[in-house]
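The residues making up each chain are set out below.
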Amino acid sequence: MSQTAPPAAPPAAPVVRSGPVVLVLACAGITAAITQTLVIPILGDLPELLDTSASNASWVVTATLLAAAVATPVSGRLGDLYGKRRIMLACSLVLVAGSVIGALADSVLPMIVGRGMQGVGMGLIPLGISAMRDLIPAERLGSSIALMSASMGVGGALGLPMAAAIAEHADWHALFWVATAAAVIVTALIYFLIPATPVTATGRFDPIGALGLGIGLVCLLLAISKGADWGWSSAATLGCLAAAVIVLLAWGAFELRIPAPLVDLRVTARPVVLLTNIASIVLGMAMYAQMLLTPQLLQLPVATGYGLGQSMLGMGLWMLPGGFVMMLVSPLGAKISHARGPRITLALGAGVIAVAYGLSLALMGSTWGLLVAICVANGGVGLAYGAMPALIMGSVPLSETASANSVNTLMRSIGTTTSAAVIGVVLAQMTTDFGPYTLPSEDAFRTGFLIGAGVAVLAAATALAIPARASREAEDSIEHEVADLDEIVAPPAD
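Residues numbered from 1 in each chain as written. Predicted model: local features only at pLDDT ≥ 70, side-chain atom pairs only at ≥ 80, totals over all residues. Heavy atoms only, no water.

Caption draft 1: Focus on the overall build of the chain. Each helix and strand counted, the chain has 19 helices and two strands in total. The C-alpha radius of gyration of the chain comes to 23 Å, within 12% of the 23 Å expected for a compact globule of 494 residues. The C-alpha extent of the chain, read off along each of the three principal axes, is 105 × 45 × 45 Å. Per-residue burial for the chain yields a buried fraction of 54% across its 494 residues. Considering only intrachain contacts with a sequence separation of at least 6, the fraction spanning at least 24 residues in the chain is 80%. Surface accessibility of the chain: about 20200 Å² in total, with carbon and sulfur atoms responsible for 68%. Across the chain, 20 positive and 26 negative side-chain charges occur, with their mean positions spaced 8 Å apart. (Helix = DSSP H or I, 4+ residues; strand = E, 2+ residues; numbered from the N terminus. Rg over C-alpha atoms; globule rule 2.2 N^0.38 Å. Buried < 20%, exposed > 50% of the residue type's maximum accessible area, 1.4 Å probe, protein only. Contact = heavy atoms within 4.5 Å. Areas by Shrake-Rupley, 256 points an atom, 1.4 Å probe, with all protein chains shown as cover. Lys, Arg positive; Asp, Glu negative; His and termini not counted. Charge placed at Lys NZ, Arg CZ, Asp CG, Glu CD.)

So this is what it looks like as structure tokens:
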């Protein structure tokens with residue numbers, strides 16, 4: 001008697017190895033962040049290197065800032081609609097092209113174009129965070145997100161001494177060739193090691209919304225970043241601010257009326273999302289103030305009585321340990337979020353940053369003292385930056401994770417830009433004469449540290465205002481949705 005063979009089990013879905021995924025995405029974030037600090041060592045020499053004025057040369061930095069601000073929310077929405085891996089590859093290819101253009105540039109215009117294209121690479125960070133929600137098992141998701149969030153700070157800490165060493169010992173074009181090589185490697189790693197993520201968003205891309213948001217952000221950030229140069233009461237600054245308000249209000253009204261907006265403002269208005277984004281702006285200010293003040297204090301001449309006389313490379317090496325502290329602390333933040341909720345982790349991180357500013361005030365007379373303050377501050381940033389994506393992703397639909405994370409990243413960028421403007425005014429107004437030079441005074445640095453401490457305390461208070469129950473539910477929501485997604489992507493065999 002013949003027997004009927006049992007039906008064959010359906011082929012198992014490919015198993016995603018979370019270790020390589022986390023490593024590749026973190027490397028992508030670090031590479032994108034490194035490009036942001038790439039030209040800092042040669043900033044003062046750019047007018048001569050590019051045969052242009054100091055005003056024109058400043059656009060080499062401004063172009064990256066503006067491009068990143070505009071591209072980040074756009075790439076996030078595209079990632080939700082067409083797949084995060086696909087858009088990550090597009091961002092990394094633009095990063096490669098921009099690095100090549102910068103490496104070949106000998107005049108200011110192509111350099112600005114290349115730096116703008118490098119800014120597009122910042123979209124890799126929110127896209128990578130969102131992709132983790134689709135690819136990483138629930139039990140490892142919190143620590144993986146925290147590590148990816150910390151990549152921005154780690155990249156900045158690593159990039160500064162690396163760029164200083166290259167600029168000091170090689171032709172400045174080598175900075176961009178190294179960036180090109182790193183971007184090519186990251187592109188290859190994403191292509192070969194990052195699997196496609198499920199597309200859960202519906203609708204079409206919103207080009208009018210993207211254009212409106214881009215114009216509004218460019219006007220706003222131009223006013224903030226160029227206000228000191230143009231004059232805060234100048235027609236250019238006030239005109240940009242007025243245009244930003246008008247365009248962004250019109251953009252918001254338009255986004256609320258269409259079925260598939262670039263940014264779902266109703267979701268953004270939820271208390272957890274709204275307060276987390278506000279905290280992100282303030283925390284961005286607190287984090288960046290330290291990045292502006294400490295390097296200058298380290299490099300001022302010892303003869304001033306408060307400067308520490310370090311070279312550019314020496315300064316970068318003193319700042320370097322902070323990046324490693326941020327990376328080491330990020331898993332601890334994930335554990336605190338799991339135990340107490342990401343709201344507490346965010347508040348704790350902001351509080352640690354405030355303590356770091358107190359240490360800076362007390363220990364600013366020695367390099368070792370500032371090193372302690374740097375490490376404490378970066379530890380706080382590692383805690384806070386890992387908590388923000390957890391709060392955001394637990395409070396938005398799965399179909400909007402990349403877009404929501406991109407908006408949150410944008411809020412941090414607005415905070416850092418505002419910090420640069422405020423600290424720039426303090427250092428420019430509170431000065432002392434040192435021979436033929438005018439330098440920021442010791443009181444200017446003390447005032448800057450006090451401002452940093454104040455905004456860090458404000459960030460902590462904003463975090464504590466997030467509804468506690470909603471924060472706890474946000475942490476649980478990520479785990480439940482990841483578990484549900486695992487069942488969809490890899491159903492159990494019969």
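Further notes follow.
Caption draft 2: Layout of the nonpolar core. The biggest cluster of nonpolar side chains holds 87 residues, and the ones touching the most others in it are Ile190, Leu283, Leu346 and Phe445. Broken down by element, this core gets its largest block of residues, 12 residues, from helix 13 (residues 271–299). (Core = buried A, V, L, I, M, F, W, Y, C linked by side-chain atoms within 4.5 Å.)

Caption draft 3: Seen up close, the pattern of salt bridges. The tally for this structure, following the rule as stated, stands at two salt bridges. Measuring nitrogen to oxygen at the nearest pair gives 3.0 Å for the salt bridge that ties Lys84 to Asp134. Highlighted residues: Lys84 in helix 5 (residues 84–104) and Asp134 in helix 7 (residues 124–135), separated in sequence by 50 residues. Considered together, Lys84 and Asp134 belong to a single accessibility category, that of buried residues. Here Arg446 and Glu442 are joined by a salt bridge, their closest N and O atoms 3.3 Å apart. Taken together, the positions of Arg446 and Glu442, both in helix 18 (residues 442–465) and four residues apart, correspond to about one turn of that helix. Judged by relative accessible area, which is 30%, Arg446 ranks as partly exposed. (Salt bridge = Lys/Arg side-chain N within 4 Å of Asp/Glu carboxyl O.)

Caption draft 4: Up close: a nonpolar patch on the surface. Together, Tyr191, Phe192 and Leu193 make up a nonpolar patch on the protein surface, roughly 370 Å² of accessible area in all. Tracing the sequence through the fold places Tyr191 in helix 9 (residues 173–193). (Patch = residues over 30% accessible without salt bridge, like charges linked within 9 Å, V, L, I, M, F, W, Y side chains within 5 Å.)

Caption draft 5: Layout of the side chain of Thr304. By the element assignment, Thr304 lies in the loop between helix 13 and helix 14 (312–340). In terms of polar contacts, Thr304 uses its side chain to reach the backbone carbonyl oxygen of Pro301, at 2.7 Å. Separated by 2.9 Å, the side chain of Thr304 and the backbone nitrogen of Gly307 make a polar contact. Discounting residues that sit within four places of it in the chain, Thr304 has contacts with Phe434 and Leu439. (Polar contact = N/O pair within 3.5 Å; in protein donor to acceptor, adjacent residues only side chain to side chain.)

Caption draft 6: Inspection of the confidence of the model for the chain at higher detail. Per-residue confidence for the chain gives a mean pLDDT of 87; residues scoring 70 or more make up 91%. Segment residues 1–15 is flagged for pLDDT under 50; beyond a separation of four residues in sequence, or across chains, it makes two contacts in the model. Residue range residues 482–494 is modelled with pLDDT below 50. Its contacts to residues more than four positions away, or to other chains, number 13 contacts. (pLDDT = per-residue confidence, 0-100.)

Caption draft 7: The environment of Ala356, seen in detail. Along the chain, Ala356 falls in helix 15 (residues 342–363). We classify Ala356 as buried; its relative accessible area is 1%. A sequence separation of 10 residues divides Ala356 from Leu346, and the C-alpha atoms of the two residues are 15 Å apart. In this structure Ala356 touches Ala373, Val376 and Ala377, once residues within four positions along its chain are discounted.

Caption draft 8: Structural detail: the pairing of strand 2 (residues 437–440). Summarising the sheet, strand 1 (residues 431–434) and strand 2 pair through four bridges and their orientation is antiparallel. Note that in strand 2 the partner of Asp433 across the bridge is Thr438. The turn joining strand 1 and strand 2, which pair antiparallel and follow one another in sequence, is formed by two residues; a positive phi near 65 degrees is taken by Gly435. (Pairing = 2+ DSSP bridges.)

Caption draft 9: Seen up close, the side chain of Asn405. Mapping Asn405 onto the fold places it in helix 17 (residues 401–429). Judged by its relative accessible area of 2%, Asn405 falls in the buried class. In this view, Asn405 contacts Pro126, Ile129, Ser130, Pro389, Ile392 and Met393; residues no more than four positions away in its chain are not counted.

Caption draft 10: Up close: unusual backbone geometry. Even without a glycine there, the phi angle at Asp51 is positive, about 55 degrees. With respect to the helices and strands, the residue Asp51 is situated in the loop between helix 2 (46–49) and helix 3 (54–57). Its relative accessible area of 73% is what places Asp51 among the exposed residues.

Caption draft 11: View of the packing of aromatic side chains. Counted by the stated rule, this structure contains five aromatic pairs. Judged by centre distance (6.3 Å) and plane angle (85 degrees), the rings of Trp172 and Phe176 are edge-to-face. Phe176 matches Trp172 in its accessibility class, with the two residues each being buried. On the numbers, 5.0 Å between centres and 85 degrees between planes, the contact of Tyr191 with Phe192 is edge-to-face. The exposure class assigned to Tyr191 is partly exposed, which follows from its relative accessible area of 49%. Lys226 extends its terminal NZ or CZ atom over the ring of Trp59, reaching a point 4.7 Å from the ring centre. (Phe/Tyr/Trp six-rings, centres within 6.5 Å; stacked < 30°, edge-to-face > 60°. Lys NZ or Arg CZ within 6 Å of the ring centre and 35° of its normal.)

Caption draft 12: Region of interest: helix 11 (residues 235–257). Over its 23 residues, helix 11 extends 33 Å from the first C-alpha to the last, a length consistent with the 33 Å expected when each residue adds 1.5 Å. Listed as buried for helix 11 are Thr237, Cys240, Ala244, Trp251, Gly252 and Glu255. Buried-residue contacts for helix 11 involve helix 10 (207–230) and helix 12 (265–268). (Expected span 1.5 Å × (residues − 1).)

Caption draft 13: Expanded view of the packing of helix 10 against helix 17. Axis separation between helix 10 and helix 17 bottoms out at 8 Å; the angle between their running directions is 25 degrees. In this view, helix 10 runs roughly parallel relative to helix 17, as classed from their interaxial angle. Across the interface between the two elements, Leu217, Leu221, Ile224 and Ser225 of helix 10 pack against Leu410, Ile414, Thr417, Thr418 and Ala421 of helix 17. Residue classes in the contact of helix 10 with helix 17 are distributed as six nonpolar, three polar and no charged. (Axes fitted to C-alpha atoms, helices over the stretch in contact; angles between N-to-C directions. Parallel < 35°, antiparallel > 145°, perpendicular 65-115°, else oblique. Nonpolar A, V, L, I, M, F, W, Y, C, P; charged D, E, K, R; others polar.)

Caption draft 14: Region of interest: the packing of helix 1 (residues 18–36) against helix 7. Running from amino to carboxyl end, helix 1 crosses helix 7 at an angle of 170 degrees, the nearest separation of the two axes being 9 Å. Considered as vectors, helix 1 and helix 7 are oriented roughly antiparallel to each other. Mapping the contact onto sequence places Val21, Val22, Leu25, Ala28, Gly29 and Ala32 in helix 1 and Leu124, Ile125, Gly128, Ala131, Met132 and Leu135 in helix 7. Residue classes in the contact of helix 1 with helix 7 are distributed as 10 nonpolar, two polar and no charged.

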